[in-house]
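As a plain string of letters, each chain reads:
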Amino acid sequence: MNDVAIIGVGLHPFGRFDKSAMQMGADAIQAALADAGIDWKDIQFGVGGSYEVSNPDAVTRLVGLTGIPFTDVFNACATAASAIKACADTIRLGDYDIGIAVGMDKHPRGAFTDDPAKLALPQWYADDYDIGIAVGMDKHPRGAFTDDPAKLALPQWYAENGQFITTKFFGMKANRYLHDHGISQHTLARVAAKNFRNGALNPNAFRRKPISEDEILNSPMLNYPLTQYMFCAPDEGAAAVIMCRADIAHRYTAAPVYLRAVEIRTRRYGAYEVHATSAPLDEDVSPTVYASRAAFERAGVAPEDVDVIQLQDTDAGAEVIHLAEAGFCADGEQERLLADGDTEIGGAMPVNTDGGLIANGEPIGASGLRQVHELVRQLRGQAGDRQVGGTPRVGFAQVYGAPGTAAATVLTL
(Lines give C-alpha, C1' and ligand atoms only; values in the text may rest on other atoms or scores of the structure.)
Protein backbone atom coordinates (compact mmCIF):
# COMPACT_ATOMS: atom_id res chain seq x y z
CA MET A 1 0.00 0.00 0.00
CA ASN A 2 1.03 3.58 -0.64
CA ASP A 3 1.84 5.99 2.17
CA VAL A 4 -0.03 9.29 1.96
CA ALA A 5 1.27 12.84 2.27
CA ILE A 6 -0.57 16.14 2.64
CA ILE A 7 0.81 18.72 0.21
CA GLY A 8 -1.79 21.47 0.43
CA VAL A 9 -4.32 22.86 2.90
CA GLY A 10 -6.88 25.61 2.47
CA LEU A 11 -9.43 27.25 4.75
CA HIS A 12 -12.27 29.66 4.29
CA PRO A 13 -12.68 31.59 7.56
CA PHE A 14 -15.39 30.35 9.92
CA GLY A 15 -18.23 32.63 11.00
CA ARG A 16 -21.15 34.28 9.20
CA PHE A 17 -20.83 35.34 5.56
CA ASP A 18 -22.90 36.67 2.69
CA LYS A 19 -22.05 33.79 0.37
CA SER A 20 -23.13 30.19 -0.16
CA ALA A 21 -21.53 27.09 1.30
CA MET A 22 -20.52 26.13 -2.24
CA GLN A 23 -18.71 29.43 -2.73
CA MET A 24 -16.89 28.95 0.57
CA GLY A 25 -15.96 25.42 -0.50
CA ALA A 26 -14.57 26.73 -3.78
CA ASP A 27 -12.53 29.35 -1.91
CA ALA A 28 -11.07 26.67 0.37
CA ILE A 29 -10.18 24.52 -2.66
CA GLN A 30 -8.43 27.43 -4.36
CA ALA A 31 -6.47 28.14 -1.18
CA ALA A 32 -5.38 24.49 -0.95
CA LEU A 33 -4.36 24.45 -4.62
CA ALA A 34 -2.28 27.59 -4.10
CA ASP A 35 -0.68 26.05 -1.02
CA ALA A 36 0.23 22.92 -2.99
CA GLY A 37 1.38 24.91 -6.03
CA ILE A 38 -0.85 22.98 -8.43
CA ASP A 39 -3.93 23.59 -10.59
CA TRP A 40 -7.39 22.04 -10.35
CA LYS A 41 -6.68 20.03 -13.52
CA ASP A 42 -3.99 18.16 -11.54
CA ILE A 43 -6.57 16.78 -9.07
CA GLN A 44 -7.54 13.24 -10.06
CA PHE A 45 -10.48 12.70 -7.68
CA GLY A 46 -12.36 14.32 -4.83
CA VAL A 47 -14.33 13.60 -1.68
CA GLY A 48 -16.75 16.14 -0.22
CA GLY A 49 -18.58 16.36 3.09
CA SER A 50 -21.48 18.48 4.31
CA TYR A 51 -24.60 18.50 6.47
CA GLU A 52 -26.55 21.26 4.76
CA VAL A 53 -25.35 20.63 1.18
CA SER A 54 -26.75 17.43 -0.30
CA ASN A 55 -24.28 17.30 -3.18
CA PRO A 56 -20.87 18.81 -2.33
CA ASP A 57 -19.57 17.49 -5.66
CA ALA A 58 -21.42 20.39 -7.32
CA VAL A 59 -18.52 22.59 -6.20
CA THR A 60 -16.83 21.42 -9.40
CA ARG A 61 -19.10 23.86 -11.23
CA LEU A 62 -17.16 26.65 -9.54
CA VAL A 63 -13.62 25.26 -9.73
CA GLY A 64 -13.65 23.33 -13.00
CA LEU A 65 -15.68 20.67 -14.80
CA THR A 66 -12.84 18.24 -15.41
CA GLY A 67 -14.89 15.06 -15.12
CA ILE A 68 -13.13 13.66 -12.06
CA PRO A 69 -14.79 11.04 -9.85
CA PHE A 70 -16.18 12.75 -6.77
CA THR A 71 -17.79 11.04 -3.76
CA ASP A 72 -19.98 12.76 -1.17
CA VAL A 73 -20.03 11.65 2.49
CA PHE A 74 -21.91 12.48 5.68
CA ASN A 75 -21.10 11.09 9.13
CA ALA A 76 -22.37 13.69 11.59
CA CYS A 77 -19.51 15.50 13.35
CA ALA A 78 -17.10 12.92 11.91
CA THR A 79 -18.02 13.95 8.34
CA ALA A 80 -14.75 15.73 7.59
CA ALA A 81 -12.66 12.94 9.09
CA SER A 82 -14.62 10.47 6.97
CA ALA A 83 -13.86 12.53 3.86
CA ILE A 84 -10.17 12.57 4.77
CA LYS A 85 -10.13 8.81 5.33
CA ALA A 86 -11.94 8.08 2.06
CA CYS A 87 -9.49 10.27 0.15
CA ALA A 88 -6.41 8.81 1.85
CA ASP A 89 -7.55 5.20 1.48
CA THR A 90 -8.20 5.69 -2.24
CA ILE A 91 -4.58 6.78 -2.64
CA ARG A 92 -3.28 4.01 -0.37
CA LEU A 93 -5.02 1.42 -2.53
CA GLY A 94 -3.36 2.78 -5.65
CA ASP A 95 -6.47 3.94 -7.51
CA TYR A 96 -5.18 7.49 -7.92
CA ASP A 97 -2.04 9.48 -7.12
CA ILE A 98 -3.48 12.81 -5.98
CA GLY A 99 -6.85 13.85 -4.58
CA ILE A 100 -8.69 16.39 -2.48
CA ALA A 101 -10.99 16.24 0.54
CA VAL A 102 -13.24 19.26 1.01
CA GLY A 103 -15.91 20.12 3.56
CA MET A 104 -18.37 22.99 3.61
CA ASP A 105 -21.43 24.04 5.56
CA LYS A 106 -23.62 27.06 6.18
CA HIS A 107 -25.77 26.48 9.24
CA PRO A 108 -28.57 28.96 9.91
CA ARG A 109 -29.07 30.63 13.25
CA GLY A 110 -31.24 28.39 15.36
CA ALA A 111 -29.27 25.63 13.77
CA PHE A 112 -30.41 22.28 12.46
CA THR A 113 -34.18 22.57 12.90
CA ASP A 114 -36.79 25.30 12.76
CA ASP A 115 -40.17 23.55 12.98
CA PRO A 116 -41.45 22.19 16.32
CA ALA A 117 -43.58 19.65 14.44
CA LYS A 118 -40.35 17.94 13.47
CA LEU A 119 -39.89 17.17 17.14
CA ALA A 120 -43.54 16.24 17.72
CA LEU A 121 -44.08 19.53 19.55
CA PRO A 122 -47.09 21.89 19.32
CA GLN A 123 -46.83 25.21 17.47
CA TRP A 124 -47.15 27.24 20.68
CA TYR A 125 -43.80 25.78 21.66
CA ALA A 126 -42.22 27.80 18.84
CA ASP A 127 -44.15 30.91 19.76
CA ASP A 128 -42.88 30.74 23.34
CA TYR A 129 -39.40 32.04 24.19
CA ASP A 130 -38.39 28.57 25.37
CA ILE A 131 -38.01 27.31 21.81
CA GLY A 132 -34.38 28.40 21.86
CA ILE A 133 -31.56 28.26 24.36
CA ALA A 134 -28.49 30.40 23.92
CA VAL A 135 -25.52 28.20 23.12
CA GLY A 136 -22.11 29.74 22.58
CA MET A 137 -23.48 33.02 21.25
CA ASP A 138 -26.25 31.74 18.99
CA LYS A 139 -29.67 30.17 19.43
CA HIS A 140 -30.17 26.41 19.45
CA PRO A 141 -33.75 25.11 19.32
CA ARG A 142 -34.59 22.09 21.40
CA GLY A 143 -33.60 19.05 19.41
CA ALA A 144 -30.52 20.69 17.92
CA PHE A 145 -28.44 18.66 15.46
CA THR A 146 -31.29 16.54 14.10
CA ASP A 147 -34.94 16.91 13.16
CA ASP A 148 -36.45 13.43 13.47
CA PRO A 149 -35.59 10.83 16.13
CA ALA A 150 -36.31 8.03 13.65
CA LYS A 151 -33.24 9.13 11.70
CA LEU A 152 -31.14 8.01 14.66
CA ALA A 153 -33.14 4.83 15.23
CA LEU A 154 -34.85 6.41 18.24
CA PRO A 155 -38.51 6.09 19.26
CA GLN A 156 -40.88 9.05 18.86
CA TRP A 157 -41.36 9.38 22.62
CA TYR A 158 -37.72 10.38 22.90
CA ALA A 159 -38.59 13.69 21.24
CA GLU A 160 -41.99 14.04 22.87
CA ASN A 161 -40.66 13.95 26.44
CA GLY A 162 -37.94 16.52 25.83
CA GLN A 163 -34.85 14.30 25.75
CA PHE A 164 -33.96 15.03 22.12
CA ILE A 165 -31.58 17.84 23.07
CA THR A 166 -27.87 17.42 22.53
CA THR A 167 -26.92 20.03 25.13
CA LYS A 168 -28.77 17.95 27.71
CA PHE A 169 -26.52 14.99 26.96
CA PHE A 170 -23.34 17.06 27.08
CA GLY A 171 -24.33 18.54 30.43
CA MET A 172 -25.25 15.16 31.93
CA LYS A 173 -22.04 13.50 30.76
CA ALA A 174 -19.87 16.39 31.97
CA ASN A 175 -21.66 16.54 35.32
CA ARG A 176 -21.15 12.86 36.00
CA TYR A 177 -17.54 12.94 34.82
CA LEU A 178 -16.65 15.92 37.01
CA HIS A 179 -18.33 14.26 40.00
CA ASP A 180 -16.65 10.89 39.50
CA HIS A 181 -13.14 12.30 39.02
CA GLY A 182 -13.03 15.30 41.34
CA ILE A 183 -12.89 17.99 38.66
CA SER A 184 -14.24 21.47 39.36
CA GLN A 185 -16.50 23.60 37.20
CA HIS A 186 -13.68 26.15 37.19
CA THR A 187 -11.68 23.73 35.03
CA LEU A 188 -14.44 23.94 32.41
CA ALA A 189 -14.10 27.72 32.48
CA ARG A 190 -10.34 27.38 32.02
CA VAL A 191 -10.89 25.28 28.88
CA ALA A 192 -13.29 27.80 27.35
CA ALA A 193 -11.13 30.81 28.28
CA LYS A 194 -8.08 29.14 26.75
CA ASN A 195 -9.90 28.46 23.51
CA PHE A 196 -11.26 32.00 23.28
CA ARG A 197 -7.71 33.32 23.85
CA ASN A 198 -6.37 31.06 21.13
CA GLY A 199 -9.17 32.13 18.82
CA ALA A 200 -8.14 35.75 19.31
CA LEU A 201 -4.79 34.80 17.73
CA ASN A 202 -6.46 33.11 14.76
CA PRO A 203 -7.56 35.41 11.90
CA ASN A 204 -9.85 32.66 10.57
CA ALA A 205 -11.78 32.10 13.82
CA PHE A 206 -15.44 33.02 14.37
CA ARG A 207 -15.00 34.25 17.96
CA ARG A 208 -11.93 36.43 18.30
CA LYS A 209 -12.59 38.14 21.63
CA PRO A 210 -11.03 36.73 24.82
CA ILE A 211 -13.56 36.00 27.57
CA SER A 212 -12.46 35.75 31.19
CA GLU A 213 -13.02 32.69 33.34
CA ASP A 214 -15.29 34.66 35.66
CA GLU A 215 -17.42 35.90 32.76
CA ILE A 216 -17.69 32.34 31.44
CA LEU A 217 -18.70 30.98 34.85
CA ASN A 218 -21.25 33.75 35.34
CA SER A 219 -22.85 33.47 31.91
CA PRO A 220 -26.34 31.90 31.81
CA MET A 221 -26.52 28.27 32.90
CA LEU A 222 -27.75 26.08 30.05
CA ASN A 223 -27.30 22.48 31.08
CA TYR A 224 -25.47 22.16 34.37
CA PRO A 225 -22.51 22.38 34.74
CA LEU A 226 -22.19 23.99 31.30
CA THR A 227 -22.83 27.71 30.93
CA GLN A 228 -23.49 29.68 27.75
CA TYR A 229 -19.85 30.44 26.94
CA MET A 230 -18.76 26.84 27.47
CA PHE A 231 -20.52 25.77 24.25
CA CYS A 232 -19.55 26.14 20.62
CA ALA A 233 -21.98 27.54 18.04
CA PRO A 234 -22.96 26.19 14.62
CA ASP A 235 -21.78 28.56 11.89
CA GLU A 236 -20.38 28.67 8.35
CA GLY A 237 -17.07 27.81 6.72
CA ALA A 238 -15.10 25.44 4.52
CA ALA A 239 -11.77 23.66 4.47
CA ALA A 240 -9.83 21.50 2.02
CA VAL A 241 -6.83 19.16 2.14
CA ILE A 242 -4.86 17.90 -0.88
CA MET A 243 -3.14 14.52 -0.56
CA CYS A 244 -0.89 12.45 -2.79
CA ARG A 245 1.26 9.33 -2.77
CA ALA A 246 4.05 9.95 -0.30
CA ASP A 247 6.75 8.90 -2.76
CA ILE A 248 5.85 11.76 -5.12
CA ALA A 249 5.19 14.43 -2.48
CA HIS A 250 8.53 16.16 -3.01
CA ARG A 251 7.46 17.07 -6.53
CA TYR A 252 5.10 19.55 -4.91
CA THR A 253 6.56 20.56 -1.57
CA ALA A 254 9.80 20.49 0.38
CA ALA A 255 7.86 19.95 3.60
CA PRO A 256 5.22 17.21 3.21
CA VAL A 257 3.18 16.19 6.23
CA TYR A 258 2.39 12.50 6.34
CA LEU A 259 -1.08 11.21 7.10
CA ARG A 260 -0.20 8.16 9.17
CA ALA A 261 -3.66 7.09 10.32
CA VAL A 262 -7.35 7.93 10.27
CA GLU A 263 -9.50 5.57 12.32
CA ILE A 264 -13.26 5.79 12.81
CA ARG A 265 -15.24 3.87 15.42
CA THR A 266 -18.89 3.76 16.50
CA ARG A 267 -20.16 3.17 20.02
CA ARG A 268 -20.34 -0.28 21.58
CA TYR A 269 -23.06 -1.54 23.84
CA GLY A 270 -22.48 -0.12 27.29
CA ALA A 271 -21.19 3.28 26.17
CA TYR A 272 -23.31 6.26 27.24
CA GLU A 273 -23.37 8.43 24.14
CA VAL A 274 -25.43 11.18 22.50
CA HIS A 275 -29.14 10.32 22.48
CA ALA A 276 -28.70 7.15 24.54
CA THR A 277 -32.13 6.27 25.91
CA SER A 278 -30.65 4.58 28.98
CA ALA A 279 -27.38 3.99 30.82
CA PRO A 280 -26.46 0.26 30.72
CA LEU A 281 -25.41 -1.42 33.94
CA ASP A 282 -22.40 -2.99 32.21
CA GLU A 283 -20.52 0.06 31.00
CA ASP A 284 -18.04 0.35 28.17
CA VAL A 285 -15.77 3.20 27.13
CA SER A 286 -16.45 5.81 24.46
CA PRO A 287 -15.73 5.20 20.75
CA THR A 288 -13.04 7.89 21.09
CA VAL A 289 -11.03 5.43 23.17
CA TYR A 290 -11.18 2.75 20.49
CA ALA A 291 -10.55 5.14 17.59
CA SER A 292 -7.56 6.72 19.33
CA ARG A 293 -5.96 3.40 20.26
CA ALA A 294 -6.36 2.15 16.71
CA ALA A 295 -4.92 5.34 15.21
CA PHE A 296 -1.86 5.32 17.47
CA GLU A 297 -1.25 1.64 16.74
CA ARG A 298 -1.51 2.13 12.98
CA ALA A 299 0.69 5.23 13.05
CA GLY A 300 3.33 3.59 15.23
CA VAL A 301 3.38 6.44 17.75
CA ALA A 302 2.08 6.91 21.30
CA PRO A 303 0.18 9.75 22.99
CA GLU A 304 3.39 10.93 24.65
CA ASP A 305 4.93 11.45 21.19
CA VAL A 306 2.30 14.01 20.18
CA ASP A 307 3.37 17.65 20.06
CA VAL A 308 0.10 19.39 19.19
CA ILE A 309 -3.47 18.21 19.77
CA GLN A 310 -6.89 18.98 18.32
CA LEU A 311 -9.92 17.72 20.28
CA GLN A 312 -13.66 18.00 19.71
CA ASP A 313 -14.74 20.73 22.12
CA THR A 314 -18.43 20.96 21.30
CA ASP A 315 -18.46 22.09 24.90
CA ALA A 316 -15.72 22.62 27.47
CA GLY A 317 -16.56 19.35 29.20
CA ALA A 318 -15.98 17.44 25.97
CA GLU A 319 -12.37 18.68 25.75
CA VAL A 320 -11.77 17.64 29.35
CA ILE A 321 -13.21 14.17 28.78
CA HIS A 322 -11.54 13.62 25.39
CA LEU A 323 -8.12 14.42 26.86
CA ALA A 324 -8.36 11.22 28.87
CA GLU A 325 -10.29 9.17 26.32
CA ALA A 326 -7.63 9.84 23.67
CA GLY A 327 -4.89 8.72 26.06
CA PHE A 328 -3.20 12.00 26.95
CA CYS A 329 -3.85 11.74 30.69
CA ALA A 330 -5.62 9.67 33.31
CA ASP A 331 -9.17 10.47 34.39
CA GLY A 332 -9.03 13.29 36.91
CA GLU A 333 -5.61 14.64 35.93
CA GLN A 334 -7.22 17.36 33.83
CA GLU A 335 -7.78 19.55 36.91
CA ARG A 336 -4.03 19.87 37.46
CA LEU A 337 -3.12 19.99 33.76
CA LEU A 338 -5.43 22.93 33.11
CA ALA A 339 -4.41 24.74 36.30
CA ASP A 340 -0.72 24.34 35.42
CA GLY A 341 -1.22 25.56 31.84
CA ASP A 342 -0.13 22.32 30.22
CA THR A 343 -2.76 22.59 27.46
CA GLU A 344 -1.89 26.20 26.57
CA ILE A 345 -0.01 27.01 23.36
CA GLY A 346 3.21 27.21 25.37
CA GLY A 347 2.40 24.18 27.50
CA ALA A 348 3.59 20.58 27.43
CA MET A 349 0.53 19.35 25.48
CA PRO A 350 -1.02 22.23 23.50
CA VAL A 351 -4.70 21.60 22.79
CA ASN A 352 -6.86 23.43 20.23
CA THR A 353 -4.25 26.02 19.36
CA ASP A 354 -6.57 27.68 16.83
CA GLY A 355 -9.38 28.04 19.36
CA GLY A 356 -11.13 24.74 18.65
CA LEU A 357 -14.88 24.62 18.12
CA ILE A 358 -15.52 27.02 20.98
CA ALA A 359 -13.81 29.86 19.09
CA ASN A 360 -14.28 28.65 15.51
CA GLY A 361 -17.80 27.26 15.71
CA GLU A 362 -18.80 24.07 13.94
CA PRO A 363 -19.76 23.98 10.28
CA ILE A 364 -20.06 20.20 10.41
CA GLY A 365 -18.63 19.31 7.01
CA ALA A 366 -15.55 21.47 7.48
CA SER A 367 -14.75 21.10 11.18
CA GLY A 368 -12.45 18.06 11.10
CA LEU A 369 -10.66 19.45 8.06
CA ARG A 370 -10.06 22.67 10.00
CA GLN A 371 -8.34 20.57 12.64
CA VAL A 372 -6.01 19.06 10.06
CA HIS A 373 -5.39 22.48 8.52
CA GLU A 374 -4.21 23.72 11.92
CA LEU A 375 -2.03 20.67 12.56
CA VAL A 376 -0.34 21.00 9.17
CA ARG A 377 0.37 24.68 9.83
CA GLN A 378 1.79 23.85 13.24
CA LEU A 379 4.01 21.02 11.99
CA ARG A 380 5.32 23.28 9.20
CA GLY A 381 5.99 26.08 11.70
CA GLN A 382 3.52 28.37 9.91
CA ALA A 383 1.01 29.06 12.69
CA GLY A 384 2.13 32.62 13.42
CA ASP A 385 1.28 34.01 16.86
CA ARG A 386 -0.19 30.67 17.95
CA GLN A 387 2.82 28.56 16.90
CA VAL A 388 3.78 26.00 19.53
CA GLY A 389 7.35 25.95 20.76
CA GLY A 390 10.20 23.66 19.75
CA THR A 391 10.04 21.63 16.56
CA PRO A 392 6.70 19.79 16.57
CA ARG A 393 6.75 16.56 14.60
CA VAL A 394 3.52 14.74 15.51
CA GLY A 395 -0.06 16.02 15.50
CA PHE A 396 -3.29 14.38 16.62
CA ALA A 397 -6.91 15.24 15.84
CA GLN A 398 -10.13 13.80 17.29
CA VAL A 399 -13.76 14.40 16.40
CA TYR A 400 -16.90 13.05 18.00
CA GLY A 401 -20.59 13.33 17.27
CA ALA A 402 -24.07 11.89 17.50
CA PRO A 403 -25.11 9.20 17.90
CA GLY A 404 -21.69 8.05 19.13
CA THR A 405 -19.15 8.16 16.31
CA ALA A 406 -15.52 9.16 16.80
CA ALA A 407 -12.51 9.57 14.54
CA ALA A 408 -8.82 9.92 15.38
CA THR A 409 -6.14 11.16 12.98
CA VAL A 410 -2.35 11.14 13.33
CA LEU A 411 -0.02 13.35 11.26
CA THR A 412 3.79 13.35 11.30
CA LEU A 413 6.67 15.03 9.57
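What comes next concerns the included structure. (Residues numbered from 1 in each chain as written. Predicted model: local features only at pLDDT ≥ 70, side-chain atom pairs only at ≥ 80, totals over all residues. Heavy atoms only, no water.)

Side note on the overall build of the protein
Helix and strand counts for the protein stand at 13 helices and 13 strands. Over its C-alpha atoms the protein spans a radius of gyration of 20 Å, differing by no more than 12% from the 22 Å that the globule rule assigns to 413 residues. Considering only C-alpha atoms, the protein reaches an extent of 55 × 45 × 40 Å along its principal axes. By the burial criterion, 62% of the 413 residues in the protein qualify as buried. Sequence separation of at least 24 residues holds for 75% of the intrachain contacts in the protein that already meet a minimum separation of 6. For the protein, the accessible surface area stands at approximately 15,500 Å², while carbon and sulfur atoms represent 48% of it. For the protein, the distance from the average site of its 35 positive side-chain charges to the average site of its 52 negative ones is 3 Å. (Helix = DSSP H or I, 4+ residues; strand = E, 2+ residues; numbered from the N terminus. Rg over C-alpha atoms; globule rule 2.2 N^0.38 Å. Buried < 20%, exposed > 50% of the residue type's maximum accessible area, 1.4 Å probe, protein only. Contact = heavy atoms within 4.5 Å. Areas by Shrake-Rupley, 256 points an atom, 1.4 Å probe, with all protein chains shown as cover. Lys, Arg positive; Asp, Glu negative; His and termini not counted. Charge placed at Lys NZ, Arg CZ, Asp CG, Glu CD.)

Examining the packing of aromatic side chains
Each aromatic ring pair is characterised by the separation of its centres together with the angle its planes make. The tally for this structure, following the rule as stated, stands at seven aromatic pairs. Here phenylalanine 169 and tyrosine 272 contribute two aromatic rings whose centre-to-centre distance is 5.3 Å and whose plane-to-plane angle is 45°, an arrangement assigned as tilted. Pair noted here: phenylalanine 169 is in helix H6 (residues 166-181) and tyrosine 272 is in the loop between strand S10 (257-266) and helix H9 (287-299), with a separation of 103 residues, a long-range link. Note on phenylalanine 169: relative accessible area 2%, which makes it buried. Pairing phenylalanine 296 with phenylalanine 396 gives two aromatic rings, centres 5.1 Å apart and planes at 15°, and the pair type is stacked. Placement of the pair is phenylalanine 296 in helix H9 and phenylalanine 396 in strand S12 (residues 394-401), with a sequence separation of 100 residues. (Phe/Tyr/Trp six-rings, centres within 6.5 Å; stacked < 30°, edge-to-face > 60°.)

Notes on empty space enclosed by the protein
In this approach the atoms are scanned with a rolling probe the size of a water molecule, which exposes any empty space left behind. Under the defined criterion, the tally for this structure stands at three cavities of 30 Å³ or more. Reported here for the largest cavity is a volume of approximately 110 Å³. Put simply, the parts of the chain that give the lining of the largest cavity at least two residues each are H6 and helix H10 (316-325). Looking at the lining of the largest cavity, its residues break down into six nonpolar, four polar and three charged. Considered as a void within the structure, the second largest cavity measures approximately 40 Å³ in volume. Along the walls of the second largest cavity sit Ala81, Ile84, Gly368, Gln371, Val372, Ala397, Val399 and Thr409, which together make up its complete lining. The greatest single-element share of the lining of the second largest cavity, amounting to three residues, is contributed by helix H13 (residues 364-380). (1 Å grid on protein atoms, 1.4 Å probe; cavity = no way out; pocket = protein on both sides within 12 Å on 5 of 7 lines; lining within 4 Å. Points joined across faces, edges and corners; volume = space filled by probe spheres on them. Nonpolar A, V, L, I, M, F, W, Y, C, P; charged D, E, K, R; others polar.)

Thoughts on the layout of surface pockets
Counted as a void, the largest pocket has a volume near 570 Å³. Elements with a minimum of two residues in the lining of the largest pocket: H6, H9 and H10. Of all the elements, H6 adds the most residues to the lining of the largest pocket, at six residues.

Focus: the environment of glutamine 312
Its place among the elements puts glutamine 312 in the loop between strand S11 (308-310) and H10. Overall, the relative accessible area of 1% leaves glutamine 312 in the buried class. Separated by 40 residues in the primary sequence, glutamine 312 and asparagine 352 place their C-alpha atoms 8.7 Å from one another. Residues contacting glutamine 312, with those up to four places away along its chain left out, are Cys77, Ala318, Glu319, His322, Leu357, Glu362, Gln371, Gln398, Val399 and Tyr400. Of the polar contacts made by the side chain of glutamine 312, one reaches the backbone oxygen of tyrosine 400; its length is 3.3 Å. (Polar contact = N/O pair within 3.5 Å; in protein donor to acceptor, adjacent residues only side chain to side chain.)

A word on the pattern of salt bridges
Within the structure shown, the criterion is met by 22 salt bridges. Across the pair arginine 245 and aspartate 97 runs a salt bridge whose closest N-O atoms are separated by 2.8 Å. Placement of the pair is arginine 245 in strand S9 (residues 236-245) and aspartate 97 in the loop between helix H3 (79-92) and strand S4 (98-106), with a sequence separation of 148 residues. For arginine 245, a relative accessible area of 18% translates into the label buried. A relative accessible area of 27% means that aspartate 97 is categorised as partly exposed. The residue arginine 265 makes a salt bridge to glutamate 263 at a minimum N-O spacing of 3.0 Å. (Salt bridge = Lys/Arg side-chain N within 4 Å of Asp/Glu carboxyl O.)

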